[in-house]
Amino acid sequence: MRALQLTLALVLGTVSTGCTNLDRSRDLGNPKVSPTVTAVQVCSNCHGSDGNSLSPNFPRLAGQQAAYLITQLQNFRNHRRSDVEGAEYMWGISRNLTDDQIAGLAEYYSKQIPQSVGKIDAPPELLAAGKDIFEKGLPEQNVIPCSSCHGPKAEGNGPFPQLAHQHASYIVRELNVFQNTQGRPGTPMETISHPLTTANKEAVAAYLQSFHD
């Protein structure tokens, strides 16, 4: 009987160790789990292991500005960012993340290489209109060029996110959030997006998805 008890204890100990393996853990409340493991084991379900999400429901994070990602994760954690789709997924996921974990995730994704989403099925005139909005803005509508904040190659700049190679439908969705809700406070986009028409939004989004250097 004693031998059986010892064997059982060893088995249970092995199972327990396997469940708490830090290299494969999905425990978002454990600060000992590295950001890389969290990205691969948890975040990859929506964003892809390298941040190049395949689904247009989820933004691409590969090559994203670290400062931007830190702000967004903190805003989700603090329930400051309340856009419906984002809050539905991210409030729970970010709830227990520490500042160090958030910084680590931001660094991980900022170092990944963004891949092209693929050619978008859009007429050339729509892409041309989007290019004009991105590079020149819409002076008659008091809309500044997107490139003035997001960079000439849509690579982003600090708190301003990278937009190149993002899913077009995601960009349109977020522009609608900026334009019509208070779901993403603390950004100049509420004012900038206000004059945009549906055609404007679709054009610049299509251009950004098909963007190439």
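Above: the structure in question.
The sections below set out a description of the structure shown in this document. (Residues numbered from 1 in each chain as written. Predicted model: local features only at pLDDT ≥ 70, side-chain atom pairs only at ≥ 80, totals over all residues. Heavy atoms only, no water.)

1. Describing the overall build of the protein
In plain terms, the rule: Under the DSSP-based scheme used, a helix requires at least four consecutive residues in state H or I and a strand at least two consecutive residues in state E, with every element numbered from the N terminus. Under the scheme applied here, a residue whose accessible area is under 20% of the maximum for its type counts as buried, over 50% as exposed, and between as partly exposed, the area being computed with a 1.4 Å probe on protein chains only. Throughout, a contact is declared for two residues whenever any of their heavy atoms are within 4.5 Å. This count recognises Lys and Arg as positive and Asp and Glu as negative, with His and chain-terminal groups excluded. We put the charge of a Lys on NZ, of an Arg on CZ, of an Asp on CG and of a Glu on CD.
The helix and strand tally for the protein stands at ten helices and zero strands. Element order for the protein, N to C, with α for helix and β for strand: α-α-α-α-α-α-α-α-α-α. Referenced to the eigenvectors of the C-alpha coordinate spread, the extents of the protein come out at roughly 85 × 35 × 25 Å. Relative to its full complement of 213 residues, the protein shows a buried share of 43%. Relative to all contacts within the protein whose residues are 6 or more apart in sequence, the contacts with residues 24 or more apart total 63%. Here the protein contributes 17 positive and 19 negative side-chain charges, whose respective centroids are spaced 8 Å apart.

2. Thoughts on the packing of helix H3 (residues 66-77) against helix H4 (residues 84-94)
Heads up, the condition is: Axis lines are fitted to C-alpha atoms, over the contacting stretch for helices. Their N-to-C directions set the angle, which ranges from 0 to 180 degrees. If an angle is under 35 degrees, it is roughly parallel; if it is over 145, roughly antiparallel; if it lies from 65 to 115, roughly perpendicular; otherwise it is oblique.
Where H3 meets H4, the axes come as close as 8 Å, and the angle between the chain directions of the two elements is 85°. As judged from the angle between their axes, H3 and H4 are roughly perpendicular. Residues Leu73, Phe76 and Arg77 of H3 touch H4, and the partners they reach there are Gly86, Ala87, Met90, Trp91 and Ser94.

3. Some details on unusual backbone geometry
One non-glycine residue, Asn142, adopts positive backbone phi at about 60°. Residue placement: Asn142 occurs in the loop between helix H6 (124-136) and helix H7 (147-150). Look at Ala154: it is not a glycine, yet its phi comes out positive at around 55°. Here Ala154 lies in the loop between H7 and helix H8 (168-180).

4. Some words on the packing of aromatic side chains
Where we set the bar: Two rings belonging to Phe, Tyr or Trp (six-membered ring only in the last case) form a pair when the distance between their centres is within 6.5 Å. Interplanar angles under 30 degrees mark stacking, angles over 60 mark edge-to-face geometry, and anything in between is tilted.
Counted by the stated rule, this structure contains five aromatic pairs. A ring pair is formed by Tyr108 and Tyr109, whose centres lie 5.0 Å apart and whose planes are at 80°; its orientation type is edge-to-face. A centroid spacing of 5.6 Å and a plane angle of 80° characterise the contact between Tyr207 and Phe211, whose relative ring orientation is edge-to-face. Members of the aromatic cluster, joined through ring pairs, are Phe134, Tyr207 and Phe211.

5. Examining H4
Every α-helical turn comprises 3.6 residues, leaving residues that sit three or four positions apart pointing alike. What counts is decided by this rule: It is the directions from the helix axis to the C-beta atoms whose arc is reported.
Of all the residues in H4, the buried ones are Gly86, Ala87, Met90 and Ser94. The buried side chains of H4 occupy one side of the element, clustering within an arc of 105° when seen end-on. Exposed residues lying more than 90 degrees from the buried face of H4 are Val84 and Glu88. For H4, the elements touching its buried residues are H3.

6. Things to note about the side chain of Arg60
Condition: Two N or O atoms count as a polar contact when they lie within 3.5 Å, although within protein this holds only if one can serve as hydrogen donor and the other as acceptor, and sequence-adjacent residues are included solely when both atoms are side-chain atoms.
With respect to the helices and strands, Arg60 occurs in the loop between helix H2 (35-47) and H3. Within the structure, Arg60 has its side chain in polar contact with the backbone oxygen of Ser53 (distance 3.0 Å). In this structure, Arg60 is in contact with Gly51, Asn52, Ser53, Leu54, Gln115, Ser116, Val117, His165, Gln166 and His167, ignoring residues within four places of it in sequence.

7. Notes on the nonpolar core
This is how the line gets drawn: Only buried Ala, Val, Leu, Ile, Met, Phe, Trp, Tyr and Cys residues count toward a nonpolar core, and they belong to the same one when joined by side-chain atoms within 4.5 Å.
Within the largest apolar cluster, 24 residues are counted, with the highest numbers of intra-cluster contacts made by Ile133, Phe134, Ala154, Leu175, Val204 and Leu208. For this core, the leading source of residues is helix H10 (residues 198-209), giving six residues. Discounting chain neighbours no more than four positions away, the residues touching Ile133 are Leu138, Pro145, Cys146, Asn200, Ala203 and Val204. Leu28, Val42, Cys43 and Leu97 belong to the second largest nonpolar core, which has 16 residues in total.

8. Points about the pattern of salt bridges
Let me state the cut-off plainly: Here, a salt bridge means any side-chain nitrogen of Lys or Arg that lies within 4 Å of a carboxyl oxygen of Asp or Glu.
Summed over the entire model, instances satisfying the criterion amount to eight salt bridges. Between Glu135 and Lys131 there is a salt bridge, with its nearest N and O atoms 3.0 Å apart. Here Lys131 and Glu135 lie together in helix H6, a separation of four residues that amounts to about one turn. Exposure remark for Glu135: the relative accessible area of 35% places this residue in the partly exposed category. Of the residues examined, Lys131 reaches a relative accessible area of 36% and is grouped as partly exposed. Across the salt bridge formed by Asp132 and Lys136, the nearest N and O atoms sit 3.8 Å from each other. Of this pair, Asp132 and Lys136 both sit in helix H6, four residues apart, which is roughly one turn of the helix. Given the relative accessible area of 36%, Asp132 is considered partly exposed. What you see here is one network of salt bridges that share partners, running through Arg81, Asp83, Arg173, Glu174 and Arg184.

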